[in-house]
Protein chains: 2
Amino acid sequence: MPNISNRAQILPASPIRKLVPYADAAKSKGRKVYHLNIGQPDVATPPNALQAVRQSDFEVLAYAPSAGTNEYRAKLAKYYAEKVGTQLSPEDFITTTGASEALNFAMIACMNPGDELIVPEPFYANYNGFSIAGGIKVKPITASIDNGFALPPIQDFEQKITPQTKGILICNPSNPTGYLYSKEELLQLRDIVLRHNLFLFVDEVYRDFVYDDKQFHTVLNIEGIEDNVVVFDSISKRYSSCGGRIGALVSRNKEVTTSVMKLAQARLSPPTFGLIVAEAVLDAPANYVSDAILEYDRRRKLLIERLSAMDGVIAPTPGGAFYAFVQLPIDDSEKFCQWLLEEFEYNNATVMMAPGSGFYSTKGLGKQEVRIAYVLNENDLNNAMDCLEKALIMYNV
Amino acid sequence: MPNISNRAQILPASPIRKLVPYADAAKSKGRKVYHLNIGQPDVATPPNALQAVRQSDFEVLAYAPSAGTNEYRAKLAKYYAEKVGTQLSPEDFITTTGASEALNFAMIACMNPGDELIVPEPFYANYNGFSIAGGIKVKPITASIDNGFALPPIQDFEQKITPQTKGILICNPSNPTGYLYSKEELLQLRDIVLRHNLFLFVDEVYRDFVYDDKQFHTVLNIEGIEDNVVVFDSISKRYSSCGGRIGALVSRNKEVTTSVMKLAQARLSPPTFGLIVAEAVLDAPANYVSDAILEYDRRRKLLIERLSAMDGVIAPTPGGAFYAFVQLPIDDSEKFCQWLLEEFEYNNATVMMAPGSGFYSTKGLGKQEVRIAYVLNENDLNNAMDCLEKALIMYNV
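Residues numbered from 1 in each chain as written. Chains lettered and ligands numbered in written order. Predicted model: local features only at pLDDT ≥ 70, side-chain atom pairs only at ≥ 80, totals over all residues. Heavy atoms only, no water.

A. Representation of the packing of helix H3 (residues 47-54) of chain A against helix H10 (residues 272-281) of chain A within the structure. Residues and elements named next belong to chain A. Where H3 meets H10, the closest approach of the two axes is 8 Å, and the angle between their N-to-C directions is 140 degrees. Classed by the angle they form, the pair H3 and H10 counts as oblique. Where H3 crosses over H10, the handedness of that crossing is right-handed. Residues Asn48, Ala49, Ala52 and Val53 of H3 pack against Phe273, Ile276, Val277, Ala280 and Val281 of H10. Counted by class, the contact of H3 with H10 contains eight nonpolar, one polar and no charged residues. (Axes fitted to C-alpha atoms, helices over the stretch in contact; angles between N-to-C directions. Helix = DSSP H or I, 4+ residues; strand = E, 2+ residues; numbered from the N terminus. Parallel < 35°, antiparallel > 145°, perpendicular 65-115°, else oblique. Left-handed = near helix turned anticlockwise from the far one by under 90°. Contact = heavy atoms within 4.5 Å. Nonpolar A, V, L, I, M, F, W, Y, C, P; charged D, E, K, R; others polar.)

B. Seen up close, the relation of the copies chain B and chain A. When chain B is fitted to chain A, the residual RMSD is 0.0 Å, and the transformation amounts to a turn of 180 degrees plus an axial shift of 0.0 Å. Viewed as a symmetry operation, the transformation between the two copies matches a two-fold axis. The position closest to the rotation axis in chain B is occupied by the C-alpha of B:Arg54, lying 2.0 Å away. Taken as a fraction of all interface residues of chain B, those also at the interface in chain A reach 99%, which identifies the copy contact as same-surface. (Least-squares fit on C-alpha atoms with pLDDT ≥ 70 in both.)

C. The arrangement of the packing of helix H4 (residues 70-84) of chain A against H10(A) in detail. Residues and elements named next belong to chain A. Orientation of H4 relative to H10, taken along the N-to-C sense of each, is 35 degrees, at an axis distance of 10 Å. The interaxial crossing formed by H4 with H10 has left-handed handedness. Counting all contacts with H4, which are made through Glu71, Tyr72 and Lys75, the residues of H10 involved are Leu275, Ala278 and Glu279. Class assignment for the residues of the contact of H4 with H10 results in three nonpolar, no polar and three charged.

D. View of the environment of A:Gly224. Within the secondary structure, A:Gly224 sits in the loop between strand E6 (199-203) and strand E7 (229-234). Spatially, the C-alpha atoms of A:Gly224 and A:Tyr181 are 19 Å apart, while their sequence positions differ by 43 residues.

E. Spotlight on the environment of B:Met352. All names here are of chain B. Among the structural elements, methionine 352 can be located in strand E10 (residues 349-352). Note on methionine 352: relative accessible area 1%, which makes it buried. Put simply, methionine 352 and valine 33 are 319 residues apart on the chain and 6.6 Å apart in space, counted from C-alpha to C-alpha. Filtering out sequence-adjacent residues up to four positions away, methionine 352 remains in contact with Ile16, Leu19, Val20, Ala23, Val33, Tyr34, His35, Leu36, Asn37 and Leu341. (Buried < 20%, exposed > 50% of the residue type's maximum accessible area, 1.4 Å probe, protein only.)

Printed below as a string of C-alpha cells:
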C-alpha cells in the first residue's frame, strides 16, 4: 500500500470542524447544540441575491469566466472605490472560490516550498492547512491576551526574518481574536515589508465588522507598498453568503494577478450560482450591512458581559470581526470542547466551540483558550452562555 | 518589489482558456465564434436539478458539510453500485469543488514536493498547473496518434520509474484524445503499480461517454489495487453541470480519504447551490445520460467525417469522452489558433480550438495538433468545420 505524503501526515484537523462528528452524535440524541464553533452567521442572506438565483432562467449551468465576469470585476472596483475608499481597476480582482482559494492561490503564486511566512498567532486555523499543502513554513509571533492580541512589537518580527522569509500574513480585523489593527500598526508593517522586500498578505473579509466607533484601515490605502500587498476578500461574512463560495484576491501587483489568473484558469471557473449571488449582493439595500453590524454589536456586548461575569474567564473585548478569543479556567480546551458535546447537557442543550490550540502554531499554546463565534441571535447566545457557565462549574468539580 | 515564486514563473497558461481574450475581441467585432476549445456542453442541464435550486426556500446561504452531505454521499454510493457496478461506502466519497479540486487534493495528500508522477501524454492540460502548484514533477510517456493514442508499452512506464516515482495518472476515457482504455491495459497498469507500490490516479469524469458498443472499465473494479486507486469524478460533463462545481474524490484507501477530509475542512465547504444540483441530477430521468450520449455520438461521427475529408488532416476516431485530438497541416497550432481568432473569418464566423502543445509535457510536441471538443450541435459543428476547412486552405497559401 503506497504511503500518503509527509505533508498529509502533518496536516492538522481543523479545530473549527473536527468535532463535528461529536456534535452530530449529540444531535442524534435529541440534544440542541449551539454552534459557536464556526463563523456561519444566522443573518438572512440579502433576499435580492437569493431571488436572483431563483429567478435565473438559463437551461445550461455553464462554466463562468475563470476570474469572474468582467461585469462583476467592474462592480467590485466600483464597490471598493465607494465603500472601501480605494481606487482599483477591474483587473486587480480575481474572483476565487471563497477567500480560502484566494489564500491558496497567493501562497502558490508568491512563495516557494520552504519559504517562510510570518503570522501573528493565534491565527485563523486553516492558514495552517494551506501552508502545509503549499510547502510553506509558518513562523508564528505570539500575540498576548493581556493586551487583547495587539500586533506584537516590531522587533519580534525583525527577529524572525531570515533569508527564507517571503511574507507576513495578518487578518484585519482578526479571526480568531477580533483584534482591529490601527493605522500605526499597518505603517509599522509597511516599514518591515519594504525593508525586507516581503509580501504583505491581509485577510480583510471582516472589514465591515468594526465596533465602538473605531475605524478600519485597509492595507490597500497604505502608500508605498502597492506591489507588496495582496488582500483576500469574500462575500461570505459581509453578506451572510458562506455557501456561495465566492471570494476575491485583490492586488495591484501585475505579476501576482497574472500568475493567479493561470491558477484560476487551471481550475476553470468559480461556482456559477455563487457568482449570481455575488453580483446581486452588491445591490443589496444600503442598510443591509450596517443593520447586520448593529445586530452583531449587540451580540458582542452580550457575549463579553456574560463571559466577564464567569469566574476565571478572561475575555478581551473584540474591536472587530465576530469572534472572541477567550481564556477559560480549564486544563485542556480540546478535552473540554469534546466533553461539552459528549457528556454535558443543560436543559437538553450544549455548546460547540473551537479549541484554542488549533489557532496556534507554537505547540502547547492555547490549551486554556477557545474561539467563540457570536453568530447566533441574542436569545440563543444567552442560552449558550447559560450552558457554558454551568459547564465550567461542573467540569471543574 | 517582491518576486513571484519560481513555480509561478513556470506555470503554463491553460491552452483551453488562454486565447479567451482573442475570442472576446473577435466577438466584439460582431463575429460568431464556435467554441470547440472547452468541454462546455450545450446540452440542457437536467431540468429537475435547476428547478431544485430555483425552488429552494432557505433564507441563509450557509456552508455545506466539507465532504458533502451524508445524504449525498450515500446517494453516490448507491449510484456507483447501480450504474458503475462497484461497491463503495459513503465514506469513500469526498465531495469536491469540481474534479479539479479532487485532483489537487489527491496530489497534496499522496505526493511530496519533488515526487514524480507518470502521465501518458497528450494529457489534460490542467494536470500541469496542479502539478506545478503542488511541486510535483510530471514524467510524460508519449502516446502516438498512429495508434489512436493507446496506452504506451509497459516497458516505457518501467523505464520512467525512479525512487521518486509515486504514482501514475490516466484519464479514462481520455481528455484530450478520446482514447478508451481496455481492461487489459488497466491490468497492465495494476501490475506496475503493485510492483512499484504506486498510486494509480484515474480521472473518470467521462466514464459514460463511450461509443461503438465499446465497454468502459472502471479502475475501481480492478482487484488487488484497492489501496492504490484514487478516482476523480464530476457532475460537470455527465449532467452538463459545469458551473455547479461539484466533483468527487473516490478511494477505498482510508489514509487518503482521511487526509483529503482535512484539506476539505480547511477550505470549509463545496458550493451549496452546486450540491443541490448534484443531489438532484442523480434523480434525473434514466434516459437523460443515454440520450446525451446518442447526441454526442452523432456529433462525433460528423466531426470525424468532416475532418477526414480535409487534406492533410489526421483524425483518429475517439472511442470515448467528447474530444478529438487531431493533426492539422500547419506549422504551429498556437499561431494557427490565434490567427483563427484574430484574422480569419468565413461567413462572419470563426472557430476556437485548444492548441495541442499545451497538452504535452515534452517540449516541441503537439505543434501540429489541436484538441477539438465536440460540444456543439450538429448544425454549429458543421459550420465550425466549414470554417476550419476554409481556414486550412487560406492559412497554407
